[in-house]
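Architecture and fold: a report
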Amino acid sequence: MSESYPRMSARTRRFTLGVPRGFTISPDGGRVLFLRTQSGVDPVTCLWELDTETHVERLVVDPRKLADADEENLPPEEKARRERSREQAGGVVAYSADAEAALVAFALAGGLYLTEPATGRTRRIETAGAVIDPRLAPDGRSVAYVTGGALHVHDLASGRDRVLAAPESETVTYGLAEFIAAEEMDRMRGYWWAPGGDKLLVERADEAPVQQWFIADPANPDRPAVPQRYPAAGTPNARVELFVLGLDGSRVAVPFDDEYLATASWDSHALSIVTMPRGQKALRLFSVDPLTGASTLVREDTDPAWVDVFGGVPAHLDDGSLVWIAAQDGGNRLFVGDRAVTPPTLQVREVLDVDHDSVLFRASGGDPSEIQLWTWDGTSLLPVSTRSGVFSGRMSGGVGVLSEQTLDSEGVSTTVVRRDGMAIPVASLAERPGLDLRVSLGRSGRRELSTAVVLPSWYESGSGKLPVLMDPYGGPHAQRVLSSHNAYLGSQWFAEQGFAVVVADGRGTPGRGPAFERAVLDDLAGPVLEDQIDALQGVAEQYSGDLDLTKVAIRGWSFGGYLAALAVLRRPDVFHAAIAGAPVTDWRLYDTCYTERYLGHPDERPQVYDQSSLFGDAAKLERPLLLIHGLADDNVVAAHTLRLSSALLAAGRQHSVLPLSGVTHMTPQEVVAENLLLLQVDFLKRALEV
């Protein structure tokens with residue numbers, strides 16, 4: 001590797017460029033569409049097709065060959081959508097296919113394009129404005145899209161483009177997922193086609209009740225601040241309504257009482273919506289009559305702490321049986337109809353596909369660091385993946401796509417498996433990191449927490465104690481300890497600089513069941529910090545001659561940044577330096593859905609918010625603390641860091657702040673991403689005097 005790891009990590013978007021993704025299998029299993037850049041350093045995503053008979057891959061769409069494909073002119077709504085989905089590349093980053101996968105629609109630089117994979121013919125469709133989220137009707141006769149907050153439908157035969165729903169004010173949008181849905185419920189869409197292609201279920205979102213904040217760019221004072229509607233904890237959310245809109249001009253309201261529209265689906269068996277009250281202690285599945293808008297309650301799940309929204313459900317088997325995921329008997333279980341078909345010891349993560357009478361899903365067994373693929377074939381559970389690792393996939397027409405990550409191999413390995421069992425590899429063009437990974441996975445501490453210990457490749461055990469760097473995320477809905485090589489690239493690079501890096505998943509993280517996740521109810525500070533200390537002490541016992549507990553640092557981003565700052569503020573006896581990137585510092589400043597799920601409403605439970613805030617601990621700081629924040633961050637806004645800095649200053653506590661001009665929560669900029677790693681190492685070595 002000719003370039004340094006920090007440079008390569010930045011150029012390759014953490015080695016994700018060149019990895020195939022976004023698979024669609026044709027109903028006959030003969031073709032597989034997917035997205036991939038043309039190299040590991042190429043940020044422009046192309047559309048490809050694999051012929052499962054000939055095993056030949058073919059480039060279908062190369063954005064560079066299309067006129068006016070200027071990524072600099074993306075509409076603001078598309079930039080926001082990419083930020084919510086953590087999209088790091090450009091080009092064709094998403095697409096929609098008809099039911100036969102014979103026609104594909106995609107947006108590129110605000111333009112609407114259609115391509116026929118069989119012929120490679122691609123054409124641009126004239127639209128009323130910059131296009132967001134185009135989606136083909138299942139019959140391939142129409143394509144819908146959003147522009148200027150209005151939902152349009154373009155008839156492909158006649159070329160007629162008409163507005164199906166227009167916003168009544170500047171705060172209203174039709175067909176787009178509101179901020180909370182996209183950021184916290186992984187719902188990236190705001191409309192759903194009927195199977196017959198004659199109607200759509202459409203979200204109407206009105207942000208008028210949501211308070212308005214402003215994201216300024218202090219480095220460029222000549223530029224006006226960007227207004228943003230941000231629903232902070234305890235404040236109003238957007239008003240979300242649903243309508244069934246017909247291509248014949250009909251409009252039918254679909255009323256629901258709950259605060260949140262978690263998801264929706266429309267298949268040949270039912271038009272379904274899933275709603276959740278603001279307190280998030282119930283999840284309700286309704287079947288909707290598209291002619292009248294009347295809803296019938298199909299299922300309701302409740303939990304005294306909170307309910308989880310799972311991906312891929314609701315869905316239906318060919319016979320109409322409901323496919324669902326819910327917590328029961330201590331486990332997140334797969335249901336078919338009213339029956340749980342998985343044991344409570346198998347923690348189901350999400351449903352990936354339903355193919356006739358078979359369900360493909362991801363789940364973890366006794367080891368949460370492994371995420372395996374399973375199928376339910378109507379009578380029994382069958383493992384699809386058999387190796388240790390992290391797996392994902394797709395399934396349609398008896399053909400499967402298997403994506404595999406293991407500790408033993410770099411990157412992602414993807415294979416298409418035909419009906420006859422023949423495996424066809426799909427090439428990954430990702431760059432190789434070139435790091436000699438030295439990681440050990442295990443359990444540590446009183447709670448047997450999932451832990452990874454990463455040592456320098458050159459280190460000889462017992463040759464001298466290493467300073468320790470804790471490298472957690474530590475919060476809900478995310479794991480750091482995974483049986484995947486690329487999960488530890490950053491940690492290994494820090495280890496090569498002379499640290500023993502410890503990564504631990506404590507209470508609140510997924511994979512170990514509902515009770516383990518719900519241990520952070522009413523307290524986002526105490527359990528997560530206790531578990532990092534528990535894991536550190538457990539690892540120190542296992543590596544008694546290798547870790548120097550007089551020199552322990554902690555670094556993290558987002559929730560991990562919160563946890564890092566929390567550690568040096570509350571436990572300076574254990575942690576001697578911290579780097580807090582984009583930290584939440586006061587949960588009153590973070591959004592409604594995430595924060596209230598764990599802490600409730602701030603007006604009703606102010607003491608719970610105070611307990612989890614960092615501000616009350618500002619006067620306790622006695623260790624080096626580096627705060628890093630992107631000034632353009634619209635998720636964890638820079639006010640978090642700035643207000644904590646003000647509190648530290650008022651308390652007379654020395655600290656460092658690194659503001660990143662023009663940088664969002666993702667820090668995708670190449671130079672920024674590279675130098676951030678170098679600056680962090682320099683800070684840690686100076687702070688720990690190593």
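The structure we're discussing is the one just above.
Remarks on the sheet that holds strand 8 (residues 111–116)
- Across the sheet, which stays open at both edges, the 4 strands sit in the order 6-7-8-9 with antiparallel pairing between neighbours. Edge strands, defined here as strands with exactly one partner in the open sheet, are strand 6 (96–97) and strand 9 (121–125).

Remarks on the nonpolar core
- In this structure, W324, L334, Y562, F575, W587 and L625 are the most contacted members of the largest nonpolar core, which totals 91 residues.
- At 9 residues, the largest contribution of residues to this core is made by helix 7 (residues 559–570).
- Those residues within four positions of W324 in sequence are excluded, and the remaining contacts are V274, L283, L285, R299, D301, V313, P314, R333, L334 and F335.
- If you look at the next biggest cluster of nonpolar residues, it comprises 31 residues, including L435, L489, F494 and L688.

Here we look at empty space enclosed by the protein
- By the definition in use, this model includes 4 cavities of 30 Å³ or more.
- Of the voids in this model, the largest cavity is the one considered here, and its volume is about 80 Å³.
- Here the residues of the lining of the largest cavity sort into 7 nonpolar, 1 polar and 4 charged.
- The space that makes up the second largest cavity amounts to roughly 40 Å³.
- Every residue lining the second largest cavity is listed: T263, V274, L283, D308, V309, F310, V313, W324 and I325.

Some thoughts on helix 8 (residues 592–599)
- A large share of helix 8 lies buried, amounting to 8 of its 8 residues.
- All buried positions along helix 8 are accounted for by T592, C593, Y594, T595, E596, R597, Y598 and L599.
- Each element contacted by the buried residues of helix 8 is listed here: helix 3 (179–184), strand 21 (260–266), helix 7 and helix 9 (606–612).
- If you check the start of helix 8, you find a side-chain oxygen 3.3 Å away from the backbone N of C593, and it comes from D591.
- Just downstream of helix 8, G600 is the residue with a positive phi angle, here 75 degrees.

Section: the sheet that holds strand 28 (residues 339–340)
- Read across the open sheet, the 4 strands follow the order 25-26-27-28; overall the sheet is antiparallel. Both edges of this open sheet fall to strand 25 (315–316) and strand 28, since each of them pairs with a single strand only.
- Relative to strand 27 (residues 331–336), strand 26 (residues 322–328) runs antiparallel, the two being bridged by 6 bridges. Bridging across to strand 27, Q328 finds its partner in G331.

Cut-offs used in this document
The residue count restarts for each chain, going from 1 along the sequence in the order it is written. Thresholds applied to this predicted model are a pLDDT of at least 70 for local features of residues and 80 or more for the giving and counting of side-chain atom pairs; totals over whole chains, interfaces and linings are not thresholded and use all residues. Hydrogen atoms and water are omitted, and side-chain values are computed over all heavy atoms in the structure. DSSP-based pairing: two strands are paired if at least 2 bridges between them are found. Helix and strand assignments come from DSSP, with helices taken as H or I runs of at least 4 residues and strands as E runs of at least 2, each series counted from the N terminus. By nonpolar core is meant a set of buried Ala, Val, Leu, Ile, Met, Phe, Trp, Tyr and Cys residues that side-chain atoms within 4.5 Å join together. Burial status follows relative accessibility: with a 1.4 Å probe on protein chains alone, a residue under 20% of its type maximum counts as buried, one over 50% as exposed, and anything between as partly exposed. Contacts between residues were defined by any pair of non-hydrogen atoms, one from each residue, lying within 4.5 Å. Cavity means a closed set of points on a 1 Å grid over the protein atoms alone, one where a 1.4 Å probe fits but cannot get out, pocket means an open set with protein on both sides within 12 Å along at least 5 of 7 lines, and lining means a residue has an atom within 4 Å of a point. Grid points are joined across faces, edges and corners, and a volume is the space filled by probe spheres set on the points. For this classification, the nonpolar set comprises Ala, Val, Leu, Ile, Met, Phe, Trp, Tyr, Cys and Pro, the charged set comprises Asp, Glu, Lys and Arg, and every other residue, Gly included, is treated as polar. We define a polar contact as two N or O atoms separated by no more than 3.5 Å, with the added condition that, inside protein, one atom must be a possible hydrogen donor and the other a possible acceptor, whereas residues neighbouring each other in sequence contribute only through side-chain atom pairs.

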